[in-house]
Amino acid sequence: MNNKSDKVSIVVFIDALGWEVLRNRRFLEEELPFRSKLRSVLGFSSACVPSILTGNQPRDHGHWSFFYHTRERSPFRPLRLLRWLPRGMTDRGRVRNWISKVVKRAYGFQGYFQLYNMPFKLIDRFDYCEKRDLFRPGGMNKGKSIFDHLEGSGVSFHCSDWRQPEDTNLESLQDSLVKGEISFAFLYLASMDGLLHQVGKSSKQVDDKLAWYEHRLRKLMALAREHYSEVRLFVCSDHGMATVEQTVDIGSKVDALGLHEGRDFVATYDSTMARFWFYSDTARQRISTLLSNMPEGRILTDKELQALGCDFDNQQYGELIFLLDAGVIIVPSHMGTQPITGMHGYHPDHPDSDASLLSNVPPPVRSECITDVFHLMRAEAGA
Ligand SMILES: [Zn+2]
């Protein structure tokens, strides 16, 4: 115990630990007195996490919603055959999970892969944005992440395996700290997100979950202090969680226009966004008119998309993007068929979109947006 290592910086990522989720809760208030709200980026975790890891906006790292339309060869072509199977069979969650696993293995996808509820009818028009492991060097579609910098600078660091449960990730970090050989760690804790989706941010179950995090992080800090003379702890998140109050079935309204999906246009319905690509001007006009008259959300203009850092090359993620107001979700969507209590992926201006940064020392860089976490991590690691 006399030979303590110098310093360790630990960045704890808790998925969906929003600023508004923490409101009126005293989560690690004494241990982590430096607390700030972070503005998120437009998109789901598949967009927010790459922004945290690169310091870039979605257009610059190239990650956004999982599925995007491709006019080239789609990796999902063979799956089209599944459209002939009865829907009762292919729509079942367990069956889809199994198919997702087979596809992931067949293509050697290293990232998170889930087919969700994407219809097989037009699956061969789509490609998938997260084929690589985001938490490994070379994981980004464009540019470098913190893990490229860490690897390049020879810093001795620990990073959780995102495929593992939280307990395993906590234990594995504890093992690394005991050895005293690392100076930087990234701890990945993801199960808060699922809970918030299920029960919403005001549930007692969220208090219980936060108490569990408190207990485990206190233990982690105490252990780190036994082996390091300075322990710098940062807790960050990617977005918050809004409470769902209303659902809207955009797919049925679009179907009712009588256009031919596949010949006139293709669409994906994420939980909070409908995204369209057009093959005909008529389809573009009629769908635009329909959406313009819907009170539940609005079409994002090119100027807005640019300001949000979501103006992608060749409109990769949609030629037209309809974003729902906070608290409204598309049901059924290609992400799920059932309503749910909490959702994120709304405009970053909405308070429920805000993420958080909590620390036991003042952050080394100005921290206002989730992209600042990248600069914080580089400064802490010296990478
Ligand atoms: Zn989520």
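Scroll up to find the structure this text is about.
Owing to the predicted nature of the structure, the values given are computational and were not obtained by experimental measurement. (Residues numbered from 1 in each chain as written. Predicted model: local features only at pLDDT ≥ 70, side-chain atom pairs only at ≥ 80, totals over all residues. Heavy atoms only, no water.)

1. A closer look at the side chain of D264
Phase 1 of the analysis: Residue placement: D264 occurs in the loop between α10 (250-255) and β10 (265-269).
Phase 2 of the analysis: Of the side chains bearing the opposite charge, R263 lies closest to the buried D264, which forms no salt bridge; the N-O distance is 4.5 Å.
Phase 3 of the analysis: A polar contact of 2.7 Å, which involves the side chain of D264, links it to the backbone nitrogen of H260.
Phase 4 of the analysis: Leave out the neighbours within four places in its chain, and D264 touches L259, F278, Y279, S280 and A283. (Helix = DSSP H or I, 4+ residues; strand = E, 2+ residues; numbered from the N terminus. Buried < 20%, exposed > 50% of the residue type's maximum accessible area, 1.4 Å probe, protein only. Lys, Arg positive; Asp, Glu negative; His and termini not counted. Salt bridge = Lys/Arg side-chain N within 4 Å of Asp/Glu carboxyl O. Polar contact = N/O pair within 3.5 Å; in protein donor to acceptor, adjacent residues only side chain to side chain. Contact = heavy atoms within 4.5 Å.)

2. Some words on the coordination of the zinc ion
Phase 1 of the analysis: Note on the zinc ion: its protein donors are D193 (OD), D193 (OD), H197 (NE2) and H344 (NE2). The metal-donor distances range over 2.1 to 2.3 Å.
Phase 2 of the analysis: For the zinc ion, the four donor atoms are set out with angles of 57 to 148° between them, so the coordination reads as irregular.
Phase 3 of the analysis: Along the chain, the residues donating to the zinc ion fall in the pattern D-x3-H-x146-H. Of this pair, D193 sits in helix α8 (residues 191-199) while H344 sits in the loop between β15 (342-343) and β16 (355-359), and the two are 151 residues apart along the sequence.
Phase 4 of the analysis: The exposure class assigned to H344 is buried, which follows from its relative accessible area of 6%. (Donors = N, O, S within 2.8 Å, 3.2 Å for Na, K, Ca; no water. Tetrahedral: all angles 85-135°; square planar, octahedral: opposite > 155°, others 65-115°.)

3. Notes on the pattern of salt bridges
Phase 1 of the analysis: As enumerated under the stated definition, the model contains 23 salt bridges in all.
Phase 2 of the analysis: Across the salt bridge formed by K201 and D352, the nearest N and O atoms sit 2.6 Å from each other. Of the two residues, K201 sits in the loop between α8 and α9 (204-227) while D352 sits in the loop between β15 and β16, which places them 151 residues apart along the sequence.
Phase 3 of the analysis: A relative accessible area of 17% places K201 in the buried class.
Phase 4 of the analysis: Through salt bridges with shared partners, one network takes in E31, E214 and R218.

4. Some thoughts on the layout of surface pockets
Phase 1 of the analysis: Considered as a void within the structure, the largest pocket measures approximately 1300 Å³ in volume.
Phase 2 of the analysis: In terms of lining residues, the largest pocket is bounded by 43 residues, among which Y112, Q114, Y116, D193 and H197 are the most central.
Phase 3 of the analysis: When residues of the lining of the largest pocket are traced back to their parent elements, those giving at least two are α2 (45-54), α5 (93-107), α7 (166-179), β6 (184-189), α8 and β14 (328-330).
Phase 4 of the analysis: A total of four residues in the lining of the largest pocket trace back to one element, the largest contributor, which is α8.
Phase 5 of the analysis: Considering only residue class, the lining of the largest pocket consists of 18 nonpolar, 18 polar and seven charged.
Phase 6 of the analysis: Around the second largest pocket, the lining comprises 26 residues; the ones closest to its centre are R87, N117, P119, K121 and H334.
Phase 7 of the analysis: Elements with a minimum of two residues in the lining of the second largest pocket: α4 (87-90), α10 and β10. (1 Å grid on protein atoms, 1.4 Å probe; cavity = no way out; pocket = protein on both sides within 12 Å on 5 of 7 lines; lining within 4 Å. Points joined across faces, edges and corners; volume = space filled by probe spheres on them. Nonpolar A, V, L, I, M, F, W, Y, C, P; charged D, E, K, R; others polar.)

5. Remarks on the sheet that holds strand β12 (residues 297-299)
Phase 1 of the analysis: One open sheet holds the four strands; their spatial order is β10-β11-β13-β12, and the pairing between them is antiparallel. If you trace the sheet from one side to the other, it starts and ends with β10 and β12, each paired once. Sheet twist, expressed as the average angle between the axes of neighbouring strands with direction ignored, equals 15°.
Phase 2 of the analysis: Pairing geometry for β10 and strand β11 (residues 273-278), over five bridges, is antiparallel. Following the sheet pairing, Y269 is matched in β11 by A274.
Phase 3 of the analysis: Across the sheet, helix α11 (residues 281-292) touches β10, β11, β12 and β13 (320-324), and the angle it forms with β11 is around 160°. (Pairing = 2+ DSSP bridges. Axes fitted to C-alpha atoms, helices over the stretch in contact; angles between N-to-C directions.)

6. Comments concerning empty space enclosed by the protein
Phase 1 of the analysis: Applying the stated criterion to the full structure yields one cavity of 30 Å³ or more.
Phase 2 of the analysis: When its volume is computed, the largest cavity comes out at roughly 50 Å³.
Phase 3 of the analysis: Residue lining of the largest cavity: S40, V41, G43, H239, G240, H344, G345, Y346, D352 and S353, and that is the complete set.
Phase 4 of the analysis: Of the residues belonging to the lining of the largest cavity, the class tally is two nonpolar, seven polar and one charged.

7. Thoughts on the sheet that holds strand β1 (residues 5-14)
Phase 1 of the analysis: Pairing in this open sheet of six strands is mixed, and the strands run β2-β16-β7-β1-β6-β5 from one edge to the other. Each end of this open sheet is capped by a strand with a single partner; those strands are β2 (34-38) and β5 (157-159). Across the sheet, the axes of successive neighbouring strands diverge by a mean angle of 15°, strand direction being ignored.
Phase 2 of the analysis: Two elements, β5 and β6, share three bridges in a ladder whose sense is parallel. Bridge pairing in β6 places H158 opposite A185.

8. Points about unusual backbone geometry
Phase 1 of the analysis: Cis geometry is found at the peptide bond from V331 to P332, where omega equals -5°.
Phase 2 of the analysis: Locating P332 in the fold gives a position in the loop between β14 and β15.
Phase 3 of the analysis: For A16, which is not glycine, the phi torsion reads 70° and is therefore positive.
Phase 4 of the analysis: Secondary-structure assignment places A16 in the loop between β1 and α1 (19-22).

So far we have only geometry, and geometry alone does not tell us how the molecule works.
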